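Per-entry structural report
So you can see what is in the structure, the chains are spelled out below.
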Amino acid sequence: MSPFLLTRTLPEDATGAALRGDVLHGLTRTPKSLPPKWFYDARGSELFEEITRLPEYYPTRAEREILADRAPEIAAATGAKTLVELGSGSSEKTRYLLDSLPDLQSYVPVDVSESALTGAAEALLAERPSLNVHALIADFTRGLALPGTPGPRLVAFLGGTIGNLLPGEREVFLRSVRTLLDPGDFLLLGTDLVKDEAVLVRAYDDAAGVTAEFNKNVLAVVARELGADVDPGDFDHVALWDRDNEWIEMRLRARSALTVKIPELNLVVPFEAGEELRTEVSAKFRQDGVRTELVAAGMELTHWWTDKEGRFALSLATAS
Ligand SMILES: C[S@@+](CC[C@H](N)C(=O)[O-])C[C@H]1O[C@@H](n2cnc3c(N)ncnc32)[C@H](O)[C@@H]1O
């Protein structure tokens, strides 16, 4: 089996410092909010995998359908020797790319979740012992230094995760991705598409309550990491469609008036009954919007594929 390298690109306490900063900023502003990356401790990563198997959660199945159909075309268009994957999670759908790229030498999964990275790398190496896996524990919103693996590179960002960034954050992020691309490198971007509101809301508010548990997990992370006396059971899961911004919002709504004490931050956070904390946006896209955002970041859309029902899209782009 080839060696599996795991590199932490963040200083030892960077995660703790970033969490403290985000909690301090997000819980003292109005309306309250927290960034979605804090869902993904080991339990959160497990819950996300459960979400991908729910009947209501179509994005994973739709994106898998496109990858299954189009991986040979992606391989022919890119000739990639290195596959970099941002927010790789379980790397489950990535297998279509790994199996289709004939010249692939290295796989570089990048994620904030160490448990997701090690689990994925161990499973991949058990199936493909000769694959060279260099996993990076890193925050893809903070600029990335990639290992010196051979080009051309294909940088994949799947799962519609780009929709979790707000428009201004997306602009900065796409520009930073552009700096990773040498001539001949490509970005493969998964975007969920605008569709019927009921279908969208169901995907984020499933009957079994798995997404509700995933949403509340962010409070479990804040309680464990910062010693906050917050009970996730005091909050209700909310998923709604924002028609103007064309995004789904997940929120946590306080069931009654309460206070959350976070001694580590010397902070007491009051919630009114019914007050909501925004935990995620998940923007939905249209082809023109994706093309425009890529062009603004210095990239050019070369291919656009959707699943047969037109629910989800994969874009291939190169530096312009
Ligand atoms: C919606 S899941 C998608 C997982 C997988 N790509 C898929 O398509 O099923 C988002 C993934 O991105 C990771 N993630 C979220 N924010 C991140 C950040 N700022 N930097 C690095 N990874 C992040 C999470 O840990 C999680 O594995």
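Residues numbered from 1 in each chain as written. Predicted model: local features only at pLDDT ≥ 70, side-chain atom pairs only at ≥ 80, totals over all residues. Heavy atoms only, no water.

Let's shift gears to the packing of aromatic side chains. By the definition in use, this model includes eleven aromatic pairs. Here F48 and F214 contribute two aromatic rings whose centre-to-centre distance is 6.3 Å and whose plane-to-plane angle is 50°, an arrangement assigned as tilted. One end of the pair, F48, is in helix α2 (residues 42–52); the other, F214, is in helix α8 (residues 210–226), with 166 residues separating them in the sequence. Ring geometry for F235 against F271: centres 5.2 Å apart, planes inclined by 85°, an arrangement best described as edge-to-face. Of the two residues, F235 is situated in strand β8 (residues 235–242) and F271 in strand β11 (residues 267–271); the sequence distance between them amounts to 36 residues. (Phe/Tyr/Trp six-rings, centres within 6.5 Å; stacked < 30°, edge-to-face > 60°. Helix = DSSP H or I, 4+ residues; strand = E, 2+ residues; numbered from the N terminus.)

Here we take up helix α5 (residues 114–127). Every α-helical turn comprises 3.6 residues, leaving residues that sit three or four positions apart pointing alike. With 14 residues, α5 ought to run about 20 Å at 1.5 Å a step, and its terminal C-alpha atoms sit 20 Å apart, in line with that. All of the buried residues in α5 are A116, L117, A120, A121, L124 and L125. One side of α5 carries all its buried residues, which in axial view fall inside an arc of 145°. Facing away from the buried side of α5 by more than 90 degrees, the exposed set consists of E122 and A126. Along its buried surface, α5 packs onto β1 (4–8), α2, α4 (95–100), β4 (106–111) and β5 (132–137). (Expected span 1.5 Å × (residues − 1). Buried < 20%, exposed > 50% of the residue type's maximum accessible area, 1.4 Å probe, protein only. Arc of directions from axis to C-beta. Contact = heavy atoms within 4.5 Å.)

Around the ligand sit 16 residues, and of these G87, K93, D111, D139 and F140 come closest. Taking K93, its side chain carries an N or O atom lying 2.6 Å from an oxygen atom of the ligand. Relative to its free-state accessible area of 600 Å², the ligand is covered by the protein chains to the extent of 94%. Looking at the shell around the ligand residue by residue, the classes come out as six nonpolar, six polar and four charged. (Near = heavy atom within 4 Å. Polar contact = N/O pair within 3.5 Å; in protein donor to acceptor, adjacent residues only side chain to side chain. Areas by Shrake-Rupley, 256 points an atom, 1.4 Å probe, with all protein chains shown as cover. Nonpolar A, V, L, I, M, F, W, Y, C, P; charged D, E, K, R; others polar.)

With that out of the way, let us pick up the sheet that holds β4. Each strand in a sheet pairs with its neighbour through backbone hydrogen bonds, running either in the same direction (parallel) or in the opposite one (antiparallel). In spatial order, the strands read β1-β5-β4-β3-β6-β7-β14-β13; together these eight strands make up an open sheet with mixed pairing. Only two strands of the sheet have a single partner each, and these edge strands are β1 and β13 (299–306). Averaged over all neighbouring strand pairs, the angle between strand axes comes to 20°, with direction disregarded. Two elements, β1 and β5, share five bridges in a ladder whose sense is parallel. Note on β5: the bridge partner recorded for L6 is A135. Packing against the sheet, helix α3 (residues 58–78) makes contact with β6 (153–157), β7 (186–192), β13 and β14 (312–319), and its axis sits at approximately 35° to β14. Set on the sheet, α5 makes contact with β1, β4 and β5; between it and β1 the angle comes to about 165°. (Pairing = 2+ DSSP bridges. Axes fitted to C-alpha atoms, helices over the stretch in contact; angles between N-to-C directions.)

A complete count under the given rule lists two cavities of 30 Å³ or more for this structure. Surrounding the largest cavity, L27, L219, V222, V230, F235, V260, I262, F271 and L277 form its lining. Those elements giving two or more residues to the lining of the largest cavity turn out to be α8 and β10 (258–262). Every residue lining the second largest cavity is listed: I162, L174, L189, T191, F285, V290, E293 and L294. Looking at the lining of the second largest cavity, the elements with two or more residues in it are β7 and α9 (287–296). If one sorts the elements of the lining of the second largest cavity by residue count, α9 sits on top with three residues. Grouping the constituent residues of the lining of the second largest cavity by class yields six nonpolar, one polar and one charged. (1 Å grid on protein atoms, 1.4 Å probe; cavity = no way out; pocket = protein on both sides within 12 Å on 5 of 7 lines; lining within 4 Å. Points joined across faces, edges and corners; volume = space filled by probe spheres on them.)

To continue, consider the pattern of salt bridges. Within this structure, the stated rule accounts for 32 salt bridges. A salt bridge links R286 to E246, with the shortest nitrogen-to-oxygen separation between them at 2.6 Å. With a gap of 40 residues between them, R286 in the loop between β12 (276–283) and α9 and E246 in the loop between β8 and β9 (247–254) connect regions that are remote in the sequence. In this structure E246 comes out as partly exposed when scored by relative accessible area, which is 22%. (Salt bridge = Lys/Arg side-chain N within 4 Å of Asp/Glu carboxyl O.)

Both trends apply: most residues other than glycine have a negative phi, and most peptide bonds are in trans. The amide bond that connects T30 to the next residue, P31, takes the cis arrangement and shows omega of -10°. Residue placement: P31 occurs in the loop between α1 (14–27) and β2 (32–33). One non-glycine residue, E246, lies in the positive phi region at around 50°. With a phi close to 55°, N266 is a non-glycine residue in the positive phi region. Its place among the elements puts N266 in the loop between β10 and β11.

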